[in-house]
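Descriptive structure summary
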Amino acid sequence: MLATTDIRARLDDCRAKTATAMADTEGDDGASVVTVAVVREFLSKADKAGRTPDDEARDAVIELEQAADSAKAAAAADPRLGGAARESVEAAHLAICILKTEV
């Protein structure tokens with residue numbers, strides 16, 4: 001299990017990857033409004049996870065992973081979403097999945 005300071009640092013990294021996914025998705029002319037909304041919710045959950053008290057960090061990681069799963073599914077189902085946006089959503093999803101296995 002990671003120390004709280006390590007979880008905080010890793011959550012910050014996940015949030016940065018999620019912000020990149022949001023920027024890439026919003027900047028993709030082919031992205032559907034649904035995909036953009038789901039990725040925006042993923043970013044909202046990442047922001048929330050960064051503000052949770054230390055004793056609730058594990059629960060925040062689980063909630064964030066659920067949002068990541070939804071974002072990945074939305075990106076995969078969006079036929080017009082470009083490769084860069086899809087890859088950045090997948091990278092953000094992978095980062096939180098790895099963190100979840102460590103807490």
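Keep in mind that this is a model prediction, so the values were computed, not measured.

Helices and strands together make up the secondary structure of the protein, namely four helices and zero strands. Reading the helices (α) and strands (β) of the protein from amino to carboxyl end gives α-α-α-α. Computed over the C-alpha atoms, the radius of gyration of the protein is 13 Å, within 12% of the 13 Å expected from 2.2 N^0.38 for a compact globule of 103 residues. Relative to its full complement of 103 residues, the protein shows a buried share of 40%. The contacts of the protein with a sequence gap of at least 6 include a subset with a gap of at least 24, amounting to 75%. Of the roughly 5,400 Å² that the protein leaves accessible, carbon and sulfur atoms contribute 52%.

So, about the environment of D12. Mapped onto the secondary structure, D12 falls in helix α1 (residues 4-26). When the C-alpha positions of D12 and V61 are compared, they lie 12 Å apart, and in sequence the two are 49 residues distant.

A few words now on the packing of helix α3 (residues 57-77) against helix α4 (residues 83-102). At their nearest, the axes of α3 and α4 sit 9 Å apart, and the two run at 155° to each other. The angle between the axes of α3 and α4 places the two elements in the roughly antiparallel class. Regarding α3 and α4, the two cross each other, and that crossing is left-handed. For the pair formed by α3 and α4, the contact residues are V61, I62, L64, E65, A68, D69, A71, K72, A75 and A76 on the first element and R86, V89, H93, I96, C97, L99 and K100 on the second. When its residues are assigned to classes, the contact of α3 with α4 shows eleven nonpolar, one polar and five charged.

This brings us to α4. The periodicity of an α-helix, 3.6 residues per turn, causes residues three or four positions apart to be oriented the same way. Across its 20 residues, α4 extends 29 Å between first and last C-alpha, which sits within 8% of the 28 Å expected from 1.5 Å per residue. Every buried residue belonging to α4 is among A85, S88, V89, A92, H93, A95, I96, C97 and L99, and all of these are buried.

Thresholds, definitions, all that
- Residues numbered from 1 in each chain as written.
- Predicted model: local features only at pLDDT ≥ 70, side-chain atom pairs only at ≥ 80, totals over all residues.
- Heavy atoms only, no water.
- Helix = DSSP H or I, 4+ residues; strand = E, 2+ residues; numbered from the N terminus.
- Rg over C-alpha atoms; globule rule 2.2 N^0.38 Å.
- Buried < 20%, exposed > 50% of the residue type's maximum accessible area, 1.4 Å probe, protein only.
- Contact = heavy atoms within 4.5 Å.
- Areas by Shrake-Rupley, 256 points an atom, 1.4 Å probe, with all protein chains shown as cover.
- Axes fitted to C-alpha atoms, helices over the stretch in contact; angles between N-to-C directions.
- Parallel < 35°, antiparallel > 145°, perpendicular 65-115°, else oblique.
- Left-handed = near helix turned anticlockwise from the far one by under 90°.
- Nonpolar A, V, L, I, M, F, W, Y, C, P; charged D, E, K, R; others polar.
- Expected span 1.5 Å × (residues − 1).

These values are about where atoms sit, not about what they do.
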